[in-house]
Amino acid sequence: ELSQNQLSQIINQEAGVNFHDFINNYRVEEFIRSAHHNKNFSLLALALDSGFNSKSSFNYIFKKQKGISPSKFLSEST
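Residues numbered from 1 in each chain as written. Predicted model: local features only at pLDDT ≥ 70, side-chain atom pairs only at ≥ 80, totals over all residues. Heavy atoms only, no water.

Let us look at a nonpolar patch on the surface. Taken together, the side chains of Leu2, Leu7, Ile10 and Phe19 present a nonpolar region at the surface, about 340 Å² in accessible area. Looking at the secondary structure, you find leucine 2 in the segment before α1 (4–15). (Patch = residues over 30% accessible without salt bridge, like charges linked within 9 Å, V, L, I, M, F, W, Y side chains within 5 Å. Areas by Shrake-Rupley, 256 points an atom, 1.4 Å probe, with all protein chains shown as cover. Salt bridge = Lys/Arg side-chain N within 4 Å of Asp/Glu carboxyl O. Helix = DSSP H or I, 4+ residues; strand = E, 2+ residues; numbered from the N terminus.)

Put into structure tokens, the structure is as follows:
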């Protein structure tokens, strides 16, 4: 029974990030999980399935959060 503003304020206070960054963190983690389990799919297909709307936004957000590109991240984590 929270309003959008109340929920956003709680996320800002408790997680220390804004709503969009909070959601994008879950999307990045879902992409990583999916990429490790679904090696036959393209990175773009996995990104779109994880909730990203475009390749450019996915790459930008992933690099912002992890500091490296998605392909480099995955090659270093296997």
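We are not done yet, so read on.
It is possible for side chains of opposite charge to pair when their charged atoms get near one another. Scanning all chains against the criterion turns up four salt bridges. Glutamate 30 is the salt-bridge partner of arginine 33, the closest N and O atoms lying 2.6 Å from each other. You can see arginine 33 and its partner glutamate 30 sitting in helix α2 (residues 19–37), three residues apart, about one turn around the helix. On the accessibility criterion, glutamate 30 (30% relative accessible area) is partly exposed. (Buried < 20%, exposed > 50% of the residue type's maximum accessible area, 1.4 Å probe, protein only.)

Read these as geometric descriptors, not functional statements.
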